[in-house]
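Topology and contacts: notes
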Amino acid sequence: MPFNTPPHPRVKRRGRLAVGALVTALFGQLLAGTAVAAPSPQAPAALSGRIAWAPCESPSGEGTFECATLKVPVDWKRPKGATFDLALARHKATDPARRIGSLLVNPGGPGGSGVDFTFTAPDSFSADLLERFDIVGFDPRGVGRSNPVKCDMDRVLAQDALLYPDSSSSFAALRAANRAVGESCRDLTGPLADHMDTTSVVRDMEAIRAGLGERRISYYGVSYGTAIGQQYAERYPHRIRAMTLDSNMDHSLDAWGFQKTEAVGVEGSYGQFADWCARTPSCALHGRDARALFDSLYKRAEAGELVVPGDPPQTVRPRDLQAFAQQGMYDPAGWFGFAETLAELDSAGPAAARAFGKYGEPTEFPFYSVMCQDYDFEVPSYGTLARFQRALGRLAPVTRLSSLGWTVQNGCQDWPGKVNNPPRRLDVDGTPPILMTNSRFDPATPYSWGANAARQMGREAVFLTYDGVGHGDYWLSPCARDAIDTYLVTLKTPRKGTHCPAVWPTGPSARKSSSGGLVNPLPELLGTGTFG
């Protein structure tokens, strides 16, 4: 659902964790771009044409890639109206004689760049997939090189300050701020800002399939990328050869269901971290109660007494602490550093300032333009919001709530425009078997989301459980990675009900994941601070 490193900037403001840093923990990178193209006589022909690839270079200068654009309608209900260019990249199969076809990929978001995901393919995907598939990624509408949504950052920062309302008046101020941000996105982006729902992305992906000249495609989507895959399977079941959905969204949830499951996911993940620390002598918090420590830090933050040194010193808010904790659960490979930062924070050590004090300049983002068109998060009053918060505190007594889930909901209050793609249960029929995976303790897309989505999908779904912690099973579990690779190449699924064992960190890790020495690309692509 939803920690930035290069090549993309953090969405933050100095001295505070701004909303962009939080929402990108699950939902992706927030980028700048170009304007929507006006209608033209050539648009219909371009829509039905083949993709014209040309050599291009990755940001690192490594690897061999091709890039292209494809014109698609701003509004699929008006296919001959205004269009924009959808950006694509391709890494061709390294064993052309054994090539299976195209594997479309999406890293999540909303806001993750599929083009940049493809550029990471030589380091991030197994040799089996690289040999047998053209890896094809696209920047979804409103993202990166595909006419990115742009919003007024002064209004975004004003909204950020109000995302945790504590009264009826501050809730009213938040609603006004949300509307002001959404209106600025419309003004600065154009009509595309009102057509960012996942249904439209699914139509774009079908145009890509046709442009590739493939009768059926294979697909790997992680996090928000699973929402694209689930809804593509609903609409185009006979266009799928194979589909893997890793760390699943659940589009059937109402506002309370979303909050409850998100909070339980974070609480359970932090509990696993605390238990790991208790049994791991090299953890900086070994011998201490990590749950009690977080509770103590939270109460100090509530009282305005949690301060990290600096010039000037920075006061850490409860929301900052919650966001940091949630981000720290995305990949256990970072737990050694996460534990050290908590210890430094408790002692007001200088190292804590590195986690809470150094932020880049903010940039624009498409996040709310997607989420507020895909979910109906509207709550009728501050009283309802306050009841939610009290109930979440009972469900998650240590972490209190999901910082990601809370800001997703609150940022959509009175968002301008319609919920174009309202929540509903999945209705999938006629696809080949679809492999769905979820971590048992996922802080962003909770296990219950994956299990529920698989139940909705029914006989078409094969659900694999990774019994560890984190988000993005392909790079967390060699067992899950092998099952995904085998399925995508051979179409052989694991047995229903398969579990993969948890993988626990044994020492500080760099960028290599536990899965076969591959590089986990999600921290760079999605900006998840302690994720990488």
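Calculation criteria
- Every chain is numbered on its own, with residues counted from 1 as its sequence reads.
- pLDDT decides what is reported in this predicted model: residues at 70 or higher carry local features, side-chain atom pairs at 80 or more are listed and counted, and totals for whole chains, interfaces and linings draw on all residues regardless.
- The side-chain numbers reported here are obtained from all heavy atoms of the structure, hydrogens and water having been left aside.
- Any two rings among Phe, Tyr and Trp, with Trp reduced to its six-membered ring, count as a pair given centres within 6.5 Å; such a pair is stacked if its planes are under 30 degrees apart, edge-to-face if over 60, and tilted if neither.
- Three labels apply to residues, based on accessible area from a 1.4 Å probe with only protein chains included: buried if under 20% of the type maximum, exposed if over 50%, partly exposed otherwise in between.
- By the criteria applied, helices consist of DSSP H or I runs no shorter than four residues and strands consist of E runs no shorter than two, each listed in order from the N terminus.
- Each ring is checked for a lysine NZ or an arginine CZ that lies within 6 Å of its centre and within 35 degrees of its normal; such an atom marks a charge sitting over the ring.
- The working definition used for a salt bridge is a side-chain nitrogen of Lys or Arg within 4 Å of a carboxyl oxygen of Asp or Glu.

1. Points about the packing of aromatic side chains
With the rule as written, the count across this model stands at 27 aromatic pairs. Ring plane angle 50 degrees and centroid distance 5.4 Å describe the contact between Phe117 and Phe125, whose orientation is recorded as tilted. Residue Phe125 is classed as buried on the basis of its relative accessible area, which comes to 2%. Judged by centre distance (5.0 Å) and plane angle (45 degrees), the ring pair of Phe258 and Trp449 falls under tilted. A residue pair is termed long-range when its members are at least 10 positions apart, and Phe258 in helix H10 (residues 255-279) and Trp449 in helix H18 (residues 447-457) qualify at 191 residues. One exposure class covers both Phe258 and Trp449, and it is buried. Aromatic rings pair up to connect Tyr270, Phe273, Trp276, Phe294, Phe324, Trp335, Phe336, Phe338 and Trp504 into one cluster. Here the basic side chain of Arg440 rests over the ring of Phe441, its NZ or CZ set 5.2 Å away from the ring centre.

2. Some words on the pattern of salt bridges
Any two side chains of opposite charge can pair, so long as their charged atoms come close to each other. Taken as a whole and judged by the stated rule, the model has 29 salt bridges. Salt-bridge contacts for Arg288 lead to Asp346; the nearest nitrogen and oxygen are separated by 2.7 Å. With Arg288 in the loop between H10 and helix H11 (290-302) and Asp346 in helix H13 (residues 335-346), the pair connects residues that are 58 residues apart, well separated along the chain. Taking the shortest distance from any N to any O, the salt bridge between Asp346 and Arg300 comes out at 2.8 Å. Note that Asp346 is positioned in helix H13 and Arg300 in helix H11, a separation of 46 residues in sequence. For Asp346, a relative accessible area of 22% translates into the label partly exposed. Note on Arg300: relative accessible area 22%, which makes it partly exposed. Look at the salt bridges and you will find they share partners, linking Arg175, Arg179, Glu183, Glu378 and Asp414 into a network.

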